Amino acid sequence: MRQALAQWRYVIAENPLTGFAFALFTLFVTVALFAPFLMPHSPLATHAADALRPPGGAYLLGTDQLGRDILSRLIAATRLDLAIGASAVALAFVFGVGLGLIAGYYGGWADRIIGRFTDTLMAFPLFVLAMAIVAALGNTVTNIVLATAIINIPLYARMARVETNIRRDAGYVAAARLTGNSEARILLGHILPNLLPIMAVQTSLTMGYAILNAAGLSFIGLGVQPPTPEWGTMVSEGASAILSGQWWVAVFPGLTLLLAVFCFNILGDGLRDVLDPRNRT
Amino acid sequence: MLRIIVSRLGTAIPSVIGVVIVTFLITHALPGDPAAYFAGPNPTLESIAEIRQQLGLDRSWPLQFTSYVSDLVHGHLGSSLSTGQPVLQELLSRLPASMELTLAGLTIALAIAIPLGVMAATRPGSWIDHLCRILSTTGVSVPPFFTGLLLIYIFYYLLGWAPAPFGRLDIYASTPPTITGFYTIDALLAGDGETFRAALGQLVLPAFSLGVFSLAPLARMTRASMLAALSSDFVRTAKANGLSSRTVVMKYALRNAILPVVTTLGMVFSFLLGANVLVEKVFAWPGIGSYAIDALIASDYAPVQGFVLCMAILYIALNLVLDIIYSVLDPRFGLAA
């Protein structure tokens, strides 16, 4: 434990950006958890008289075309966006790692079928595939989560397959087999725990991508519907205002989205330095 | 050479089959009801049932699949409900706009990423190395639609340098005679400098938004593989033989380091084609992406289906071209098999 902490301290000291990203991550999670208590105004209440107020005064980050407080909407959106990202990544993790374990451990037909399946998904530009899935399943937040999860499954499955495959005949697996453990027990109790560090890195990296993807879908009008605040829809609502100079309507949500994705990407790199030092860049 | 191309074409066929199956499954087997989409915004039960019969949705899956495939083979992608135009025709007429934008974005990404990666690798620890690292971590984090809006605000609203961000050419400008479908190239071929500048002016900001988003993996990979190449034995030998550092870097190291970069391009295309849709919306670019968005909003199903298929085929084709480029760049590739 103390050694792990020392390693963290070393990584952060060597790369202050990781420390900054970790602070940012804590901030995002806190905001998401305590969102209802942090909002100065209601995120949905419209104040026609105060439409398009620039930042400052009663509205710290200004108001949009309907006079809604942008800061409050950003705080409410943080909770929604993080929830979408986290649930999509969790689903992709469970199904992707599950498929990868089976393909890597059993090989043969299972491997070929799963490999063909992931290859086929990867034959699409991923964002376009997500658009198609949401279009077919229906335009709801749940389907945004599903679509984002599905396009991430191949990444997890491939990585888990390779990592399982190299461990399949390792000494400790042979020992577990010899002492009469069931296959399921070997897979879940002996191989899976060894995959977790490397998969954790992947999780952090895909979390940023998942949020970006969901925001992109919302930006083109899929998924989260107005007036529900979400970073992508907020940028889209601000797109017309920016042409007449009211930059704050689109810039603050866009900047928040950028920071969130940035934070997860940097954390992923930092996590890799700690958990998987072989792949340091 | 020809044999390599043919064998590469062979490997692309399973991908195309897979894509056709997935598109079929998405449109026919998922819980969503295409008949309800086709019936428009206010469907009655009868109209849905009628459309279901028209579309053949009351038949068994294998039957539906065979008729779907035979339609595809004959180039029938259905017709758009809102415009009444055949989808294939509309996609083909809009494809050059998307391709011009995507390729311009790729060119910008390559033009920034490769020199940056090479300079970062030759001077590790210098400011340019840090710049490379910052760009390759922030680049992928910036949503392309946000970059687009920021660029519009700065270069159109504040500075007034860029033209209004609506489409490929000003509505009053005359379009160049169609040869390639790329306005910039067509204008050059027609010797029309004014149209060329106008088309280029419209193209710069959206292409830049795409380029920034996709340059990160390229810069990262160029730097990493250049570092590896520069520390290899053949570079040491070349240096020891007294070749100029320029020759060593450009001819010996870069030629070898560029191969992994070409491989990365496959992933970059996935990024580019997806981001293309978003950027097209921001700049009202009349490509296949904005066509698909309009159709999605109107619940117009056939164009969406055609768009997805078109994008997937395009992606497979681009990867095929990459494979061929790779085998040209690296003569060892494909001979062992």
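Residues numbered from 1 in each chain as written. Chains lettered and ligands numbered in written order. Predicted model: local features only at pLDDT ≥ 70, side-chain atom pairs only at ≥ 80, totals over all residues. Heavy atoms only, no water.

Participant: Break down empty space enclosed by the protein for me, citing the residues and quoting the values.
Facilitator: On inspection of all chains with the given rule, the structure shows 3 cavities of 30 Å³ or more. Estimated volume of the largest cavity: approximately 170 Å³. Forming the walls of the largest cavity are 13 residues, and the residues nearest its centre are Phe-127, Tyr-209 and Asn-213 of chain A together with Phe-213 and Ala-275 of chain B. Elements that contribute at least two residues to the lining of the largest cavity include exactly α6 (126–137) and α9 (183–219) of chain A together with α11 (245–282) of chain B. With 5 residues, the single largest contributor to the lining of the largest cavity is α11 of chain B. Class assignment for the residues of the lining of the largest cavity results in 9 nonpolar, 4 polar and no charged. (1 Å grid on protein atoms, 1.4 Å probe; cavity = no way out; pocket = protein on both sides within 12 Å on 5 of 7 lines; lining within 4 Å. Points joined across faces, edges and corners; volume = space filled by probe spheres on them. Helix = DSSP H or I, 4+ residues; strand = E, 2+ residues; numbered from the N terminus. Nonpolar A, V, L, I, M, F, W, Y, C, P; charged D, E, K, R; others polar.)

Participant: Report on the interface of chain A and chain B, specifying residues and quantitative values.
Facilitator: Taken together, the contacts link 43 residues of chain A with 48 residues of chain B. Of the roughly 3800 Å² buried between chain A and chain B, counting both surfaces, carbon and sulfur atoms make up 81%. By the criterion of area lost to chain B, the three top residues of chain A are Phe-124, Phe-219 and Leu-243 of chain A, representing 15% of everything that side buries. On the surface where chain A and chain B come into contact, there are 1 salt bridge. In this structure, the salt-bridge partner of Arg-220 of chain B is Asp-269 of chain A, at a minimum N-O distance of 3.4 Å. In this assembly, chain A and chain B are joined by 3 residue pairs in polar contact (both at pLDDT 80 or more). (Contact = heavy atoms within 4.5 Å. Buried area = accessible area lost by both parts, 1.4 Å probe. Salt bridge = Lys/Arg side-chain N within 4 Å of Asp/Glu carboxyl O. Polar contact = N/O pair within 3.5 Å; in protein donor to acceptor, adjacent residues only side chain to side chain.)

Participant: Could you give me a rundown of the packing of aromatic side chains, with the residues and numbers involved?
Facilitator: Residues and elements named next belong to chain A. Summed over the entire model, instances satisfying the criterion amount to 14 aromatic pairs over all chains. Ring plane angle 70° and centroid distance 5.9 Å describe the contact between Phe-93 and Tyr-156, whose orientation is recorded as edge-to-face. Of the two residues, Phe-93 sits in helix α4 (residues 70–106) while Tyr-156 sits in helix α7 (residues 141–167), which places them 63 residues apart along the sequence. Note on Phe-93: relative accessible area 22%, which makes it partly exposed. (Phe/Tyr/Trp six-rings, centres within 6.5 Å; stacked < 30°, edge-to-face > 60°. Buried < 20%, exposed > 50% of the residue type's maximum accessible area, 1.4 Å probe, protein only.)

Participant: Explain helix α6 (residues 127–138) of chain B to me, using residue names and the numbers behind them.
Facilitator: In a regular helix each residue adds 1.5 Å, so 12 residues correspond to 16 Å; α6 of chain B covers 16 Å between its end C-alpha atoms and thus fits that length. The set of residues buried in α6 of chain B consists of Ile-128, Asp-129, Cys-132, Ser-136 and Thr-137 of chain B. Where α6 of chain B is buried, its residues touch α11 (248–275) of chain A together with α5 (87–122) and α9 (193–230) of chain B. (Expected span 1.5 Å × (residues − 1).)

Participant: Please give an account of the side chain of Asp-69 of chain A that cites residues and values.
Facilitator: Residues and elements named next belong to chain A. Assignment of secondary structure puts Asp-69 in the loop between α3 (35–38) and α4. Buried and unpaired, Asp-69 has no salt bridge, with Arg-73 as the nearest side chain of opposite charge at 9.0 Å. Excluding anything up to four places from it in sequence, Asp-69 contacts Pro-40, His-41, Tyr-59, Leu-60, Gly-62 and Thr-63. (Lys, Arg positive; Asp, Glu negative; His and termini not counted.)

Participant: Which residues make up the domain arrangement of chain B, and what values go with them?
Facilitator: Residues and elements named next belong to chain B. Looking at chain B, the domain boundaries give domain 1 (2–60) and domain 2 (93–144 + 206–336). Here domain 1 and domain 2 have C-alpha centroids that lie 31 Å from each other. Across the interface of domain 1 and domain 2, roughly 1400 Å² is buried in total on both sides, 82% from carbon and sulfur atoms. Summed over the shared surface of domain 1 and domain 2, the result is 0 residue pairs in polar contact (both at pLDDT 80 or more). Taken together, the elements giving at least two residues each to the side of domain 1 that touches domain 2 come down to α1 (2–28) and α2 (34–38). The leading source of residues in the side of domain 1 that touches domain 2 is α1, at 12 residues. (Domains from an automatic or database assignment.)

Participant: Quick one: what's the story with a nonpolar patch on the surface, residue by residue and with numbers?
Facilitator: Residue and element names in this part refer to chain B. On the surface, Ile-13, Ile-17, Ile-21, Leu-25 and Trp-61 cluster together to form a nonpolar patch covering roughly 480 Å² of accessible area. A total of 4 residues in the nonpolar patch trace back to one element, the largest contributor, which is α1. A relative accessible area of 48% places Ile-17 in the partly exposed class. (Patch = residues over 30% accessible without salt bridge, like charges linked within 9 Å, V, L, I, M, F, W, Y side chains within 5 Å. Areas by Shrake-Rupley, 256 points an atom, 1.4 Å probe, with all protein chains shown as cover.)

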